[in-house]
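# Observations on the three-dimensional arrangement
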Amino acid sequence: MTDKQVPRDPSSKMTRRELLKALGGLGLAALLPGAARGAALQEFDITNVDPLRAYPYRGWESLYRDQFGWDRVVRSTHSANCTGSCSWKVFVKDGVMLREEQAADFPRLSAELPDYNPRGCQKGACYVEYVYGAQRVKYPLIRAGERGEGKWRRVSWDEALTYIAEKVVDNIYQHGPDTNTFFTVIPAMSPVSFSAGVRLAHYIGGVVCSFYDWYCDLPPGEPITWGVQTESCECADWFNAKYIVLWGSNINETRIPDAHFAWEARYNGAKVVCVSPDYNGSAIHCDQYLRVNPGTDALLALAVCRWLIENDRFDKAYVKEQTDLPLFVRADTGAFLRAADLPENQRGEAPKVAGWDEKLAHSGVTSATTPVGATPQATDPNALFYVFDQKTKSIRQAPGSMGSPAHSLDLGDADPALEGTWPVWLADGKQIEVTTVFSRLKASLAAPAYSLADASRTCGIPENDLLEFAKGFTRKPAMIIHGAGTNHWFHNDLMNRAMILVVALTGNVGKNGGGFNHYVGQERIWPEHGFKMLAFPQGAPKQRFQNTTLWTYCHSQNRDPHPVAGKPIEHYILESVRNGWMPLWPKNDWAALTPEQLHDLPRKPRALFVWRANYLNQAKGHEAILKSLWKDLDLIVDVNFRMDTTALYSDVVLPASTFYEKTDINSTDCHSFMHPFSKVLDPLFESKTDWDIFGALAKKIEEVVKRRALAPFNDEPLGWVRDLANLYDSWSAEGALATDEQAANFILSNSAETKGMTYHNIQVAPRRFVGIDPDTWNSEIEPGRAYTPFTHQVEMKRPWRTLTGRQQFYVDHPWYLELGEQLPVHKPPVEDTQFPLYWNTPHGRWSIHSTWRDNRYLLRLQRGLPIVYMHPDDARARGIADNDWVRIHNDQGEAVAPVNVRPNEKRGRLTMYHGWERFLGFQKGGWQSLTYIKIKPTQLIGKYGHLNFKLNYWGPTGNNRDIRVEIEKYTGPIETFAAQG
Ligand code: SF4
């Protein structure tokens, strides 16, 4: 009907169309169903319409009018690997969670520092949407079609658990316990939920996979240089800085609760610089912006180092005491000069200095446990190193190394030389020449590439800007806030080491407001001791651990086409596994295998459990995994509150409670407080907490074992006869850990950091940690002082946790020497020149990884579909216009999505913020369809001083930045959301 055909009452002043328009303006028209709308309009005297009075169905309005009323308010938080650890109040009315609001009750650290309130982000502000959302998994489901087809059968808990338990028991007794694999992430964000499943894995001999290295959140330069996983200051310490460099870290978009500290630091005299290829939401607020070329960050950092050294703007006293730069290196082999090289009577003596632990004992600080050092009691001549003392003109032992009896960095009366060459006679009578790490570093940096002029060209930064940037590091304290933007490159270890060198040369590490502070992932759990006791009660030696990058690469058809030093990476992997440097489960006869057989091993994993994670969606080499690993697994179980990609491609989906229906605790490296998750409501629908789910599974496995009358399983390699007929008793500590609250209290009461805290008393408000365990931490928690790492080392001369006992920039492992990476150097990205554009998939503003990617409010803030961003010049060259559908492709696969052409994107690069579920609007593929796994040999080493495999601490990272693609306009058919159902 056209306007002209609308019947008009002769006395009326308003047409029906006009009335509908009026109702629509008030948001009411849509509420009327079609027929009712017609009938209602017939009855209205539309000459005198007051829709608010005349409209008869007004009962719903109280929901809107009273939305700010509530019956109860309960404290909780979120567990999405956001690093936020924000405290929220959830409002309940009539048994329904209505909304959440920031609690804003973090106690203030000091009057001198801004506080943590209010703390939150826009994702957390709409989490309640998930509680009742369409994505919610409400009942146990067993697959009724092909994996990923979306056909499910609703089953009882008993049927689902029996199905899983039968297969788990089959695997243990027929194929070996190491064929059951468990993947979950980030204990810091909810350690009880994390421990629920890994504790079960522990008691049944299963393999527990890493996450922090697999997600490439681990900065490998930290274990290499400092011997730690990651050590960062809490974010309030940013305020103490005078020079802040946001290096690959877009704090305004990915560190939303904490970004204010950096901007507030400017009121305290700080200058803030952003180093990033794209002009992003943080860059616009900075004092200086360096639009660096992708993958050139190590070069930029090393050019700064050269300038600092050449211009004598580095901290010599600090470098001599705190770094390995004065240590001797042999000219003949490139290895450190060790005591074992020298005649026994010329190995010298350690300086007579007080140990750091004695200093700690007299310092008045309140470490909650007795300090114990990592230094071995006996002197190990392979871990004893030398310097040239300029005062006595003699060669002297460097204190503090792993083999040194001097448990301190205190140099006593010595003054180590930084440069020079000296003759040394070895135990075999041979004379060699030694020099220092510093001399070698200077020689390395003398290469033309590291001059400001050359670096300016390679990095794409004007030379004057580069000079200004380098000078900035002479403002003290200076800190680098480091993010995934740089850490996700193949050569991330080199980039980390180069950046750490900048802040170490300038004496900024171990000082408030200074250092290299990496915030990618909520990696560090503060109450670590209690957590480990809960998760792995028999200790690490009785647990099978696995680096997930290696596991996924070898058990799938992922293939890195780039040889390293002429050899395929499989060569290095097999050697590493044979040497016992890296584990690879299930166990195979490694000596009998060839590198080519690594992708088709006789023993393969058979079952995979995923909880608190979206393994498949976030997996590099996604297409290869679907075609291989996913086909080999005969049981995939996903424990989830929402139907994500991993759930969709699983065999069994178990309904987990949401963040607001669980009992747990939460901490982050961004602040120094503990606070709880609480059951705002008991788990809705048929969901259960992770603790209850894995407890029920333990009972079910026990039941199956008893029904089959199976004898205890002799797990010989671990020396453990597993009585699975009493599994639940073991798992629940005979009932002492039957509930999640008991588990939370167990962690709190067994950790120095949370002494005196209970699950009950942290309900009142977040509580600051009360002390630290010096076995795991490197600084104290002190009243009024923001936590910053490594004050033990700098203030109390505690040796660093490295082979040399110092910040170690020189690594003399044979593979590092072979690959020319004994010192930090710049290496260009691993390129595939056939494809011209970088494929950049950074963390974004509108989701935490894949969580909230499907949230309707957040989708409204974007274009509602997975979007690829590109520079106008790149678009023009390919005849692509804004909002076109495009096909992105390379040798790994393809993805089809709409494009957003924007000038702040870097030329030569495409960006798609990561986390989009495969089913969220791609016409083909997904953002991981273009990626593959690349393993760096330097991250496969072990049995080298401090570099030994440790879950989430040391192992190859699943990097993803060096990917190249091409893009073209997509002209195929477009299936709409409606058509997709
Ligand atoms: S999602 Fe994370 S950052 Fe956002 S409010 Fe929740 S805890 Fe804070």
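In what follows, the accompanying structure is described. Each residue is numbered by its place in its chain's sequence as written, counting from 1. Thresholds applied to this predicted model are a pLDDT of at least 70 for local features of residues and 80 or more for the giving and counting of side-chain atom pairs; totals over whole chains, interfaces and linings are not thresholded and use all residues. Side-chain metrics in this entry use all non-hydrogen atoms of the structure; hydrogen atoms and water are not considered.

## What to know about the packing of helix 7 (residues 191-204) against helix 25 (residues 690-707)
What counts here: Axis angles are defined between N-to-C directions and span 0 to 180 degrees, where every axis is a line fitted to C-alpha atoms and, for a helix, only to the segment in contact. Counting from the N terminus, the helices are the DSSP runs of H or I reaching at least four residues and the strands are the DSSP runs of E reaching at least two. Each angle receives one of four descriptions, namely roughly parallel if under 35 degrees, roughly antiparallel if over 145, roughly perpendicular if within 65 to 115, and oblique otherwise. For a crossing to be left-handed, the near helix must be turned anticlockwise from the far one by less than a right angle; the clockwise case is right-handed. Note on definitions: a residue-residue contact is assigned when non-hydrogen atoms from the two residues lie within 4.5 Å. Residue type decides the class: Asp, Glu, Lys and Arg count as charged, Ala, Val, Leu, Ile, Met, Phe, Trp, Tyr, Cys and Pro as nonpolar, and the leftover types, Gly among them, as polar.
Contact geometry for helix 7 and helix 25: axes closest at 8 Å, N-to-C directions at 15°. One way to sum up the angle between helix 7 and helix 25 is to call them roughly parallel. Handedness of the crossing formed by helix 7 with helix 25: left-handed. Contacts between helix 7 and helix 25 involve Val192, Ser193, Ser195, Ala196, Gly197, Arg199 and Leu200 from the first element and Asp690, Trp691, Phe694, Leu697, Ala698 and Ile701 from the second. The residue makeup of the contact of helix 7 with helix 25, split by class, is 8 nonpolar, 3 polar and 2 charged.

## Points about the pattern of salt bridges
This is how the line gets drawn: Salt bridge, as used here, is a side-chain nitrogen of Lys or Arg placed within 4 Å of a carboxyl oxygen of Asp or Glu. Only protein chains enter the accessibility calculation, which uses a 1.4 Å probe. A residue is then buried if its area is under 20% of the maximum for its type, exposed if over 50%, and partly exposed in between.
Per the counting criterion, the structure on display carries 64 salt bridges. Glu101 serves as the salt-bridge partner of Arg99, at 3.2 Å between the closest nitrogen and oxygen. Given the relative accessible area of 35%, Glu101 is considered partly exposed. One salt bridge connects Glu166 with Arg708, and the closest N-O pair in it is separated by 2.7 Å. Highlighted residues: Glu166 in helix 6 (residues 157-175) and Arg708 in the loop between helix 25 and strand 24 (713-715), separated in sequence by 542 residues. Each of Glu166, Asp170, Arg707 and Arg708 takes part in salt bridges that share partners, so that together they form one network.

## Remarks on the environment of Leu697
With respect to the helices and strands, Leu697 occurs in helix 25. Placed 157 residues apart in sequence, Leu697 and Ala540 show a C-alpha to C-alpha distance of 23 Å. Beyond its immediate stretch of four places on either side in the chain, Leu697 contacts Leu161, Ile164, Ala165, Leu200 and Phe609.

## Let's talk about the layout of surface pockets
As a reminder, the rule being used: A 1.4 Å probe that fits but cannot get out identifies a cavity on a 1 Å grid over protein atoms alone, an open set with protein on both sides within 12 Å along at least five of seven lines counts as a pocket, and a residue lines either if it has an atom within 4 Å of a point. Grid points are joined across faces, edges and corners, and a volume is the space filled by probe spheres set on the points.
The volume enclosed by the largest pocket comes to roughly 1,000 Å³. Lining the largest pocket are 37 residues, with Glu528, Lys532, Thr776, Lys950 and Tyr953 positioned closest to its centre. Classifying every residue of the lining of the largest pocket gives 18 nonpolar, 10 polar and 9 charged.

## Description of helix 16 (residues 463-472)
Filter applied, for reference: Taking the helix axis as origin, the arc is that swept by the directions to the C-beta atoms.
Restricting attention to buried positions, one finds in helix 16 the residues Leu466, Phe469, Ala470 and Gly472. Looking down the long axis of helix 16, one finds its buried residues gathered within 150° of arc, a one-sided arrangement. In this structure, the buried residues of helix 16 make contact with strand 8 (243-247), strand 9 (271-275), strand 10 (288-290), helix 11 (297-310) and helix 15 (452-459).

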